[in-house]
Amino acid sequence: MLDAASKAFFHGLARSTALKRLASRYGLRKPNSFGRRFIAGERIEEAIAAARDIEARRLTFTLDLLGESVGNLAEADAATREYLRILDAIIGSGIGRNVSLKLTQLGLALDRATTVDNLRRILDKAEPAGFFVRVDMEDSPFTDVTLDVVETLWQQGYRQVGTVLQSALYRSEKDLSRLNALGIRVRLVKGAYKEPRTVAYQRKADVDAAFVRMTKALLTEGNYPAIATHDPVIIETTKRFAAEHGVGPDRYEFQMLYGIRRDLQTALVDRGYRLRVYVPFGREWFPYFMRRLGERPANVGFVLRGIVRG
Ligand code: FDA
């Protein structure tokens, strides 16, 4: 994780429409284009091919159609219908049934009730077909309403839906107690967004310490938690704590992002742990890509070398 200033710099670049247009034109065009490091492709067929490779490595995956913050409810409806088509494509392909999505893609910044309806449309198709649907967590203005939407659908009886908590936010430990009590499945992450000090820890050591505390609470009180990090020290701590508390490796899973620490992904599975890879795809890949750059400056060199090579 990078310091707050660098994170802010990349988040600023992510809002540049000129850069976005340029990247969208060149970023995924060829198999060796720079965007391919972190994004499986623009089309569902490419994502399914990436998923098959992952399954061949004995890992599991979740597919994420990239997109966030639609501008009007017609776009939110289109994104919902696109997700329904993706479910069909996944069913048709025979790969594992697990997707992730962002609620601002379904209209959260515009209207809460429509977003609940859109997520319900997806769950109504997904749940009977055996999918699990993970609702990603976005920046802090959306934390409350995201949890509220997920909890509303949970109260209505949907069970194959879960969400994400970010250890960077002060509020998350309290949210975790509530979600654990309800039995809602949680993916724990550090948090990818630049957040103000009024709501979030600014020091990496504090974010990491909260992550470890929350991991322990998840392993002892949670429902099949996902520990989503590439941090080798935290992964070791998790394994040790779980073993000491009699929590078998089949009662939780590690998760990592497509293109990051493949070595660690394979090593965990070789030792009997579960590992799910988050596989993003789609045309709206630029903000996601910029968040990955913001996490690690070395990635910028990788991208520049890719552009020079052409
Ligand atoms: P940290 O940043 O401390 O990095 C630990 C090590 O991982 C680094 O030393 C490096 O080796 C490697 N690494 C990390 N990032 C890298 C990168 N970009 N490129 C190359 N190497 C890298 N966030 C969020 O706010 N909402 C969400 O819904 C999700 N969803 C999500 C799903 C999954 C499966 C994962 C793994 C992550 C997320 N995240 C997320 C992102 C998360 O919040 C966080 O930004 C990243 O995982 C990076 O943090 P680490 O925990 O890996 O630790």
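The coordinates are above.
Residue indices follow the written sequence of each chain, beginning from 1 at its first position. Given that the model is predicted, a residue must reach a pLDDT of at least 70 before its local features are reported, and side-chain atom pairs must reach 80 or more before they are shown or counted; all residues, however, enter totals for whole chains, interfaces and linings. Water and hydrogen atoms play no part in the side-chain values, which are based on all heavy atoms of the structure.

## Topic: the packing of helix α6 (residues 143–155) against helix α7 (residues 172–182)
For helices, the axis comes from a line fit to the C-alpha atoms of the stretch in contact; other axes are also lines fit to C-alpha atoms, and the angle between any two N-to-C directions lies between 0 and 180 degrees. Helical segments are the DSSP runs of H or I of at least four residues, strand segments are the runs of E of at least two, and each set is numbered from the N terminus. Across the interface, α6 lies against α7 with an axial gap of 12 Å and an inter-helix angle of 10°. Comparing the axis directions of α6 and α7 gives the class roughly parallel. The residues of α7 that touch α6, namely those facing Thr143, Leu147, Glu151, Trp154 and Gln155, are Asp175, Arg178, Leu179 and Leu182. Each residue belonging to the contact of α6 with α7 can be placed in one class, and the counts come to four nonpolar, two polar and three charged. Put simply, angles under 35 degrees are roughly parallel, angles over 145 are roughly antiparallel, angles from 65 to 115 are roughly perpendicular, and the rest are oblique. Any two residues having at least one pair of non-hydrogen atoms within 4.5 Å are treated as being in contact. Classification convention: Asp, Glu, Lys, Arg as charged; Ala, Val, Leu, Ile, Met, Phe, Trp, Tyr, Cys, Pro as nonpolar; all other residues, Gly among them, as polar.

## Some details on the packing of helix α4 (residues 73–93) against helix α5 (residues 112–126)
Running from N to C, α4 and α5 point in directions that differ by 10°, and their axes come no closer than 10 Å. Accordingly, the angle class assigned to the pair α4 and α5 is roughly parallel. Contacts from Leu73, Ala76, Asp77, Thr80, Arg81, Tyr83, Leu84, Leu87 and Asp88 in α4 reach Thr114, Asn118, Arg121, Ile122, Lys125 and Ala126 in α5. When grouped by side-chain class, the residues that make up the contact of α4 with α5 number seven nonpolar, three polar and five charged.

## Observations regarding the pattern of salt bridges
The salt bridge criterion pairs a side-chain nitrogen of Lys or Arg with a carboxyl oxygen of Asp or Glu, the two atoms within 4 Å. Evaluated as defined, the whole model comprises 26 salt bridges. Across the pair Asp270 and Arg58 runs a salt bridge, and its minimum N-O distance is 2.7 Å. On the criterion of sequence distance, the pair formed by Asp270 in helix α10 (residues 262–270) and Arg58 in the loop between α3 (44–56) and β1 (60–65) is long-range, its members being 212 residues apart. The class of Arg58 is exposed, set by a relative accessible area of 54%. Glu253 serves as the salt-bridge partner of Arg276, at 2.7 Å between the closest nitrogen and oxygen. A residue pair is termed long-range when its members are at least 10 positions apart, and Arg276 in strand β8 (residues 275–281) and Glu253 in strand β7 (residues 253–257) qualify at 23 residues. Only protein chains enter the area calculation, which uses a 1.4 Å probe; residues under 20% of their type maximum are buried, those over 50% are exposed, and those in between are partly exposed.

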